[in-house]
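As a plain string of letters, each chain reads:
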Amino acid sequence: MVRAALRNVLAHRARLLLTALAVLLGVAFVAGTLVFTSTVSAAYTASAEDSFTGVDVRLRAARSAVGHDTGRLLDRDLLIRARALPGAAAVVGSVSGFAALAGPNGQLVGEGWATTGANYDGADGEDARYPMIQGRAPETGGEIAIDARTAERTGYAVGDTVRLSVSGPVRTERVTGIFATDDGNVAAGGTLTLFDTATGQRLFAEPGRYNQIDLTVAPGTSPDQLRQRAQGLLAYGIQAVTAAELAAEQARMNADSFHALSQVLLACAGVALFVGAFLILNSFTMLVTQRTGELALLRAVGATRRQVTRSVLAEAAVVGLVASAAGLAVGIGIGTGVRAVLSATDGTLPDGPLVVDATTVVVSLALGVGVTLFAAWLPARRAGRVSPIAAMSSGHAPVSARSLLARNITGAVLAAAGAVLVTAATTMAEGGLWLGVGAALLLTGVFVLTPLLSRPIIAAAAPALRRFGVIGTLARQNAERDPRRTAATASALTVGLTLIAGLTVIGAGADRAVHELAAADFVRGDYIVSMVDSGPLAPDAATKLGELDEVTAVSPRREIPARVDGVEQTVVGFRTADIGELLNLGMTEGSFAAGHTAIVDVETARAKGWRLGDTIDVTWPDGVPDELTITGRYDSDFDGGVKTDISVMDPHLDRVTDTEILVKTRGGAGEAAERTLRAALGDSPAIRIKDKQDLAGEITGTVGVILTILSGMLGLAVVVAVLGVVNTLAMSVHERAREIGLLRAIGLDRTGVKRMVRLESMVISLFGGVLGVGLGVFLGWAVGKLVAALGVDTWVLVLPWGRLALCLAAAALVGALAALWPARRAADLDLLAAINAE
């Protein structure tokens, strides 16, 4: 039976080619994604390890559970005591922070958050961390050194004057040196600018204080030993970490930027493989049907049902294995090519070898073979049920009415249950999971019901097909002839269009919701001021803006990590005197008052059992305990948690910084007001000033780009669906060779045959398109209702009719393109040979 299976694969290799191609594409997408992410992750890990050469232990502000550091600064006294530690060979104090370096064209150089500045510690003559290649190190204010990669990218040389901004006005600095560095952020595409220590402290910390202190171990001491010794020197909110921990942290941060992309790519590949499963199912179903006599003869000469089933599964395994191996090879090439293109276009990826690990090989082969076997299981089972008596008949065994009835009942139950669950999930506070389960049940039910739905939906196209006369009627009857085959072919296209249509509806709803939210009363101020990298603004930025005659209200938004009732979380501070003019916090009771008070969102208050007048225990970043009295509760879906006045926070911060500043101007938003604000902040290109429309445009733009990228990636599923239509039509033409020959014999010319096949293909594709768009609209509506139930009251269902019509037009185009080769093949059949075909 194994030999028979191999012979069948070779005998039908032309018919199985498109099936193998569908598997190959899906596996190549998966393998390429895994190879690319593994290679980039390994390169970043190696680069991060190089970044901390000469550093064994670092003292720095502690990281909280919510991801923020405490902002603590390290003083010179700690530096001196660290130098006295047993086993410490060298100790260097460092400061660092955001430094936006402008290129010759005035644009920011680097990749946002990775554009950093630091100090050059020349206390011992040279700083071993930053060996100078050209020129000398900065020695005083107005001098800087830049890394070699940045110098190469920008063309800057020693002696050039450059513009940069830290968190305030634009600074003009002279380049005195160019240095080499293995810093992982620079390898990731950022820049590193060095200042003398005094200037760096003034810009990034406080005079005489550091962001971190690096220690190098002496021979005979391990990094863990030195770290443990250093722990005894540290105040609250400061921690000691080894270089290995730092490297892992930095590599993770760099690789995380690719993690989300890799997850999206893998999800799209999964959709493509899922769509490919329909193609495999259809191909093996048709092969089994066409080989009924052959399978019956096997049964007649002694083959058992199990042996016949296994032989078909063996054919599927061979196809899956060959296609998966080819897909793996193509995927490795894709991963290599993507990395080479990214490196060539912006040079931001660190160097490193190509990584093809065992996980990539196993996952790729297992997915390809597994999906192929899963999809071929039902046709294999049907093959095992062929009776030996069928060898005496040349006809194909009809599908029993009982089988179709059971299928329709099952599909109706699944679809109804899914629709009810999706609808119910839209009213649940935590309905996301149930909506996903309901959507899966609904899609499964519709797929099961597709043969039943095909007849009435395709029949609805009869008036349009009558324009083509007998050819149109034949095309419709061919599409209706085998509902299961039509359903399997259309379902492949339905999956892709359901997702694309759903994303289209969600995107349209999100666009409307964001613009209505911007027009609402939530943001009462005119501008939001922030850094381009979302980092901290200059400590005096809010003060400068508040001194302007045009400004009527101003409040910074200050975020600091703290321990609230024993739980680490972020506490947000505003200026209570002005916040009412800048934000609508949605107060439900009480007020936001100055002093040692706080307001909390309704959900947190309910979960904690807090009421007005209760006190909550807070431990600030400097370790000082405090008590805040709850004076109000608010309802917000965007910015929950504990909020207090900034005057309560400031005494506990080593350096006061703000992430955003809310501003209200006398005449409202306008070009003149924005110019005034920019001038007050030194016309810094590193500062972003947004009005409400800018904020809405930024959000909708981001959502639109994400949805466009997702829709483009889901195009792979549509490509696989096209292969499915091509494969089905080609095998159908082979199966109906005698019928086509008879049509030719009674007067249907080649053009008529081509048109008949093309119309049949377009009808099937439009059937899949109608189902896909309908399901996509329903699921898009459900997601919108769920978002509205979570508190986004501005969300409404928006049907972008033009884009939905474009989806249907795309489905028709898919059908027309998919029919080109099968139609030509049908028209080229030899008339006499076709009539004599079995």
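Residues numbered from 1 in each chain as written. Predicted model: local features only at pLDDT ≥ 70, side-chain atom pairs only at ≥ 80, totals over all residues. Heavy atoms only, no water.

Student: Would you explain the sheet that holds strand 1 (residues 57–61) in this entry?
Tutor: The strands that make up a sheet pair up through hydrogen bonds in the backbone, lying either parallel or antiparallel. Overall, antiparallel pairing links the 4 strands, which are arranged 3-13-1-14 in an open sheet. Strands at the two margins of the open sheet, each flanked by one partner only, are strand 3 (88–94) and strand 14 (238–242). Neighbour to neighbour, the strand axes of the sheet diverge by 20 degrees on average, direction disregarded. Pairing analysis gives 6 bridges linking strand 3 to strand 13 (residues 212–217), with the strands arranged antiparallel. Bridged to A90 within strand 13 is T216. On top of the sheet, helix 3 (residues 76–83) reaches strand 1, strand 3 and strand 13; it is set at about 165 degrees to strand 3, its chief contact. The strands touched by helix 7 (residues 223–231) within the sheet are strand 1, strand 3, strand 13 and strand 14, with strand 14 carrying the most contacts at an inclination of about 170 degrees. (Pairing = 2+ DSSP bridges. Helix = DSSP H or I, 4+ residues; strand = E, 2+ residues; numbered from the N terminus. Axes fitted to C-alpha atoms, helices over the stretch in contact; angles between N-to-C directions. Contact = heavy atoms within 4.5 Å.)

Student: For this particular structure, what's the right way to read the packing of aromatic side chains?
Tutor: Centre distance and the angle of the planes are the two values used to describe a pair of aromatic rings. The tally for this structure, following the rule as stated, stands at 3 aromatic pairs. Between F195 and F204 the ring centres are 5.8 Å apart and the planes differ by 70 degrees, which places this aromatic pair in the edge-to-face class. (Phe/Tyr/Trp six-rings, centres within 6.5 Å; stacked < 30°, edge-to-face > 60°.)

Student: Could you clarify how one ought to interpret the pairing of strand 9 (residues 161–165) in this entry?
Tutor: On a regular strand, one side chain projects to one face of the sheet and the next to the other, so that they alternate. Sheet topology places strand 5 (residues 100–101) next to strand 9; 2 bridges connect them, and they run antiparallel. For A100, the partnering residue across the bridge sits in strand 9 and is S165. When strand 9 meets strand 10 (residues 171–179), the two strands line up antiparallel, connected through 4 bridges. Pairing of T161 across the sheet is with R174, part of strand 10.

Student: Whenever I open this one, a nonpolar patch on the surface confuses me. Can you help?
Tutor: Residues V330, I334 and V338 make up a contiguous nonpolar surface patch of about 200 Å² in total accessible area. Turning to its location among the elements, V338 is positioned in helix 10 (residues 305–346). When its relative accessible area of 36% is taken as the criterion, V338 is described as partly exposed. (Patch = residues over 30% accessible without salt bridge, like charges linked within 9 Å, V, L, I, M, F, W, Y side chains within 5 Å. Areas by Shrake-Rupley, 256 points an atom, 1.4 Å probe, with all protein chains shown as cover. Salt bridge = Lys/Arg side-chain N within 4 Å of Asp/Glu carboxyl O. Buried < 20%, exposed > 50% of the residue type's maximum accessible area, 1.4 Å probe, protein only.)

Student: I would appreciate a short explanation of the pattern of salt bridges in the present structure.
Tutor: Opposite charge on two side chains permits them to pair, given that their charged atoms come into close proximity. Evaluation of the coordinates by the stated rule reveals 23 salt bridges. Note that E480 and R476 form a salt bridge whose closest N and O atoms lie 3.2 Å from each other. Note that E480 and R476 are positioned in helix 15 (residues 470–481) at a spacing of 4 residues, about one turn of the helix. Looking at R476, the relative accessible area reads 19%, which means it is buried. Here R557 makes a salt bridge to E559, at a shortest N to O gap of 2.8 Å. Salt bridges here are not isolated pairs; linked through shared partners, they connect R58, D127, R129 and D214.

Student: Could you clarify how one ought to interpret helix 6 (residues 197–204) in this entry?
Tutor: Among the 8 residues that make up helix 6, 6 are buried, leaving the element largely enclosed by the rest of the structure. All of the buried residues in helix 6 are T197, T199, G200, Q201, L203 and F204. Elements in contact with the buried residues of helix 6: strand 4 (96–98), strand 6 (115–120), strand 10, strand 11 (191–196) and strand 12 (209–210).

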